[in-house]
Amino acid sequence: MSKVLITGGAGFIGSTLADRLIKNGDQVVIIDDLSMGDIENLPQSMNVTFYNESITKQAFMADLLITNNFDYIYLLAAIASVADSIERPIETHEVNQNANLNILETIRKEKLTPKKIVFSSSAAVYGNGPELPKKETSSIDPMSPYAIDKFATERFMVDYGKLYGLPTVCTRFFNVYGPKQNPKSPYSGVLSIVSDCLVKNDVFTLFGDGSQTRDYVYIDDVVDALLILATTSDAKWDVYNVATGQSISLIDVIGAYESASGEKLKVEKKEARLGDVQDSVADITKLRGLGYEPKVDVNTGLAKYWDALQEK
Ligand code: UD2
């Protein structure tokens, strides 16, 4: 049994990871300020301890880290909205970068001994560069405070980790989808918005012509990737794409979702969003080298997603 900290553990990815860790018999501590996460996402288990706090509460975080000396730390808390970071660059910087640096500082100064610290970064760091598929070595072009903070924090994880001997590793998530994703913001993952429209029979706003492509990765595959990165000791001081390596256009993914659900989506077209990336797909060779293999293709993933929504 391991003692695990998940920051942002009431969110979409964090809470699904928590479900899996609990099933594996681990003891999980979750910190989440519920700004994006939902208390209903939390696994119902004696082995979960939840703190409704922000990771920016430095004294609280230091105390939590020192008291528990966790085996594994997953840093998933973030203000995960590019638009929000453009509106509030200082506030989002506090969460997306400084709070994470403070966690590293506490671990270093207090000589804590986690087996792994996994930081979640984003494909946003690649920006609009022309190289496809994106390799971890592709050029970086963070175009928003969100992406700048994600990239800078990756560098802290990698180089600070090397400097002080902390076992850190980073993920660059592509378009993660699945049950529990919060559809409430216009900048929520597009498949959570499509789901919400299908369930409520609302009109979906399609920005652009629908030809834009993405690498949609199902949440269970993402949890697999997180566990591999945490438990592979050689995966250290490094950055890994987390995706499927397959791309699909928005129009086609909507079509696949209609087939999986047996519902028809009402669509209204609007002009493409400013700064929208046309095509995005990952090269996942590096993660495959650690034994990762995405198991859920998009048709299966959408069917599972739809089933989970029906159960709710
Ligand atoms: C993803 C990340 C974002 C940032 C970016 C970097 C998510 C949720 N967002 O944005 O944080 O890292 O990658 O490139 O993972 N769309 C619609 N209608 C809607 C919502 C979206 O047509 O109601 C379109 C949108 O214009 C885009 C596509 O769907 O072309 C996917 O949108 P998204 O927000 O899910 O993801 P993305 O890749 O733009």
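Residues numbered from 1 in each chain as written. Predicted model: local features only at pLDDT ≥ 70, side-chain atom pairs only at ≥ 80, totals over all residues. Heavy atoms only, no water.

Engineer: Help me out: how do you make sense of the sheet that holds strand S1 (residues 3-7) in this one?
Structural biologist: Whenever strands of a sheet pair, they do so through backbone hydrogen bonds, lying parallel or antiparallel. Taking strand neighbours across the sheet as the criterion, the seven strands line up as S3-S2-S1-S4-S5-S6-S11 in an open arrangement whose pairing is parallel. Each of the sheet's edge strands pairs with one partner strand only, and the pair in question is strand S3 (48-51) and strand S11 (238-242). Each neighbouring strand pair of the sheet contributes to a mean axis angle of 20 degrees, computed without reference to strand direction. In terms of strand pairing, S1 meets strand S4 (residues 72-75) through four bridges, oriented parallel. Considered in S4, the bridge of Ile6 is made with Tyr74. This element, helix H2 (residues 58-68), spans S1, strand S2 (27-31), S3 and S4 of the sheet and lies at about 165 degrees to S1. Running over the sheet, helix H4 (residues 89-109) touches S1, S4, strand S5 (116-122) and strand S6 (168-173) and is turned about 170 degrees from S5. (Pairing = 2+ DSSP bridges. Helix = DSSP H or I, 4+ residues; strand = E, 2+ residues; numbered from the N terminus. Axes fitted to C-alpha atoms, helices over the stretch in contact; angles between N-to-C directions. Contact = heavy atoms within 4.5 Å.)

Engineer: Please explain the site of the ligand as it appears in this structure.
Structural biologist: The environment of the ligand is made up of 20 residues, and the closest members are Val190, Thr205, Phe207, Arg214 and Asp276. Note that a nitrogen atom of the ligand is positioned 2.7 Å from one of the backbone N or O atoms of Thr205. Within the backbone of Phe207, one N or O atom sits 2.8 Å away from an oxygen atom of the ligand. Taken by itself the ligand offers 730 Å² of open surface, and the protein chains cover 84% of this. Only helix H6 (190-200) and strand S8 (203-207) provide two or more residues apiece to the shell around the ligand. By residue number, the principal contributor to the shell around the ligand is S8, which donates four residues. Tallied by class, residues from the shell around the ligand come to 11 nonpolar, six polar and three charged. Each of domain 1 (3-175 + 216-242) and domain 2 (176-214 + 246-311) accounts for three or more of the residues forming the shell around the ligand. (Near = heavy atom within 4 Å. Polar contact = N/O pair within 3.5 Å; in protein donor to acceptor, adjacent residues only side chain to side chain. Areas by Shrake-Rupley, 256 points an atom, 1.4 Å probe, with all protein chains shown as cover. Nonpolar A, V, L, I, M, F, W, Y, C, P; charged D, E, K, R; others polar. Domains from an automatic or database assignment.)

Engineer: Can you help me understand the pattern of salt bridges in this one?
Structural biologist: Scanning the entire structure with this criterion turns up 16 salt bridges. Of the charged contacts, one joins Lys180 and Asp19 as a salt bridge, the two residues approaching to 2.9 Å between their closest N and O atoms. Separated by 161 residues along the polypeptide, Lys180 in the loop between strand S7 (175-177) and H6 and Asp19 in helix H1 (residues 12-23) bring together distant segments of the chain. In this structure Lys180 comes out as partly exposed when scored by relative accessible area, which is 29%. Among the salt bridges present, the one from Lys286 reaches Asp238, with a minimum N-O distance of 2.6 Å. Within this pair, whereas Lys286 is found in helix H9 (residues 285-288), its partner Asp238 is found in strand S11, the two being separated by 48 residues in sequence. Its relative accessible area of 28% is what places Lys286 among the partly exposed residues. (Salt bridge = Lys/Arg side-chain N within 4 Å of Asp/Glu carboxyl O. Buried < 20%, exposed > 50% of the residue type's maximum accessible area, 1.4 Å probe, protein only.)

Engineer: Can you walk me through unusual backbone geometry in this structure?
Structural biologist: Keep in mind that most residues, glycine aside, have a negative phi and that most peptide bonds are trans. Each neighbour pair has its own omega, and for Leu132 with Pro133 the value is -10 degrees, a cis peptide bond. Of note, Pro133 is situated in the loop between S5 and helix H5 (145-164). The backbone of Leu34 shows a phi angle near 60 degrees, a positive value even though the residue is not glycine. Looking at the element boundaries, Leu34 is found in the loop between S2 and S3. Judged by its relative accessible area of 26%, Leu34 falls in the partly exposed class. Here Asn69, not a glycine, exhibits a phi torsion of approximately 35 degrees, which is positive. Of note, Asn69 is situated in the loop between H2 and S4. Since its relative accessible area comes to 31%, Asn69 is described here as partly exposed.

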